[in-house]
Every structure is written in structure tokens, then in C-alpha cells.
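Chains, contacts and geometry: an overview
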Amino acid sequence: MLICAACAVERDEPVPGLCPICTDERQYVPEVGQQWLTLDELMQDGRKVSFEENEPGLIGISTDPKVGIRQTAQLVVAPNGSLLWDPVGYVDDNAVETVLEYGPVLAIAASHPHMFGVQVEWSRRLGGVPVLVADADRQWLGRVDPVISYWSDSKTVTEGLTLHQTGGHFPGSAVAHWAAGAGGRGVLLTGDSVFPNPDRRSIAFMRSYPNRLPLSGPVALRIAAQLGTLTFDRIYGNFNNVVAADAKAILNASAERHAAWARGDFDHLT
Ligand SMILES: [Zn+2]
Ligand SMILES: [Zn+2]
């Protein structure tokens, strides 16, 4: 198994010359060219997995020095076990030990293929827990394995913790809804289909972030309408970017604004 240095997604050998995820229009191959890494190389390089509590029951997991694009994984700790969301592109014995201190892992899932990380490797080291992959995005898997379980529309991990397919950034893009989060007001964990902006009070809806390609207005409105049926007050993005409160109203207002700009309502400002 090798790991793409740019996106940190695992891939079975023999690997292709260029990473299919990075050559897609949503990403890019760095100017230095394609590099494939092994877990051993990353470990010898002094890689560590770090843990930080975002709120009670939600642990942010990152790698230092960074692996790939420095995504943040989230461990959602529910009464029966936890969900490892957007797994990072590195894992070692210490990381596995720390994750298990919070209880058994029920499943691993990613918001979209850019966030697959080394999900099969995490699963194997956690004893073969299911890796939930949206059926619509199975073509992007670099590693197909019996631990993978395909799903569509929605998938309950455990009571109060459910995946919802929104599409958008990828057809299989998903959010995780955690009902007990934010003190019982509800939390959404999102990937790039619903992206909390640096201002912490607006959301972006893009097909590509690095290459600046927006989703259409109707798609932004569709996603906001779908998620509007869930109860939540806070959104965490996949880089630990957060809309801390009033997230549903902010999601709706952001989708309206996105659609209005795309429609040309603000062309007089250009
Ligand atoms: Zn890649
Ligand atoms: Zn992405």
C-alpha cells in the first residue's frame, strides 16, 4: 500500500503513475510532481497523530507534521461506540491505542473521496471495523477491501449518529449528523459540499476549492433544503473550521447568497 503525498489517500500497489484523485479537476498534482509514500517513511519522518477535544464527545484528530492537505478527522463518541470520520492519511500504534481509549469504533466513514485517507489501514488496525463508502463514489477507492460496506441515501451508525448523502462536491458526498452534539442542539460534520468559511459565519458550496469551481445555485439550495430537515446548531468542516452556533440559519442564508451571486443578482457590484 502506498499513500499519495498530496492527498494522503491510500492505494494498492502497483500504483498508477499519477494519483487519479489528484489529476481530477477538483484537485491538482503539485508542481514538484507525484510522490508516493509508505507508512514506514512517514513514521521514520517523525509523524505523530494528535488528539484535541473539540467539545465533549467530539475529538479532533490531526497529523503533525501534516500528511496530505492537513485534514482533520473527528472521533464522535456515542454511548455504544464511536465513529471515525474523515480518517487522516497516517496511522500508528499510539493513534489506535488512543482512539480505543474512547471505546470501540463502530465504523469509519469519509465525507467524500478526498477524505478517504488510509481508511482501510485504520480499519485493519482497529480489528476490521466496517468502512462505510457512498456507493456513488466507489470508483474513487484506491483500495478495495472486504471491510468496505457500500451505502446510499442515509445510513445509521448508531442511535443519534447518521450519515446523509447530499451530493454536491462529489455525487456521494455526505455529512454526519450527531444529535447529541452541541449540548444536545445537534452537530453536522461536513466535508467540501458544505464548507464553513474562515469568517465562521458563512458556508461555501464548491466543486473544487483549490481550482475555484463553484457548484450551481440550485445545488446549494438543494443541499440546504435537505439538511434543513435535520436538527442542528453547529457545523464542523474537515479542517476543524467551525460555525459554532445558528448553523442552520447560516447554511440557508449562505445557500441563498451563493445562488443570488450565481444568478447575477449582484452583477452591479462587479
Ligand atoms: Zn492524490
Ligand atoms: Zn474535497
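We now turn to the structure provided with this report. (Residues numbered from 1 in each chain as written. Chains lettered and ligands numbered in written order. Predicted model: local features only at pLDDT ≥ 70, side-chain atom pairs only at ≥ 80, totals over all residues.)

On to the nonpolar core, then. In terms of nonpolar packing, the biggest core is built from 70 residues, with Val-76, Leu-83, Leu-84, Ile-108, Ala-109 and Ala-176 touching the most fellow members. Considering each element in turn, this core owes the most residues, five residues, to helix α5 (residues 217-227). Among residues more than four places away in sequence, those in contact with Val-76 are Gly-57, Leu-58, Ser-82, Leu-83, Trp-85, Leu-161, Ala-176 and Trp-178. (Core = buried A, V, L, I, M, F, W, Y, C linked by C-beta atoms within 7 Å. Buried ≥ 20, exposed ≤ 12 C-beta atoms within 10 Å, placed from the backbone. Helix = DSSP H or I, 4+ residues; strand = E, 2+ residues; numbered from the N terminus. Contact = placed C-beta atoms within 7 Å.)

Successive residues of a regular strand alternate their side chains across the two faces of the sheet. With five of its five residues buried, strand β13 (residues 174-178) lies for the most part within the structure. Across the two faces of β13 the burial is the same, with Ala-174, Ala-176 and Trp-178 and Val-175 and His-177 all buried. Judged from the five bridges that link them, strand β12 (residues 161-165) and β13 form a sheet pairing that is antiparallel. Looking across to β13, one finds that Thr-162 is bridged to His-177. In this structure, β13 lies alongside strand β14 (residues 187-189), joined through three bridges in antiparallel fashion. Following the sheet pairing, His-177 is matched in β14 by Leu-188. (Pairing = 2+ DSSP bridges.)

A separate point is the environment of Gly-183. By secondary structure assignment, the location of Gly-183 is in the loop between β13 and β14. The exposure class assigned to Gly-183 is exposed, which follows from the 11 C-beta atoms found within 10 Å.

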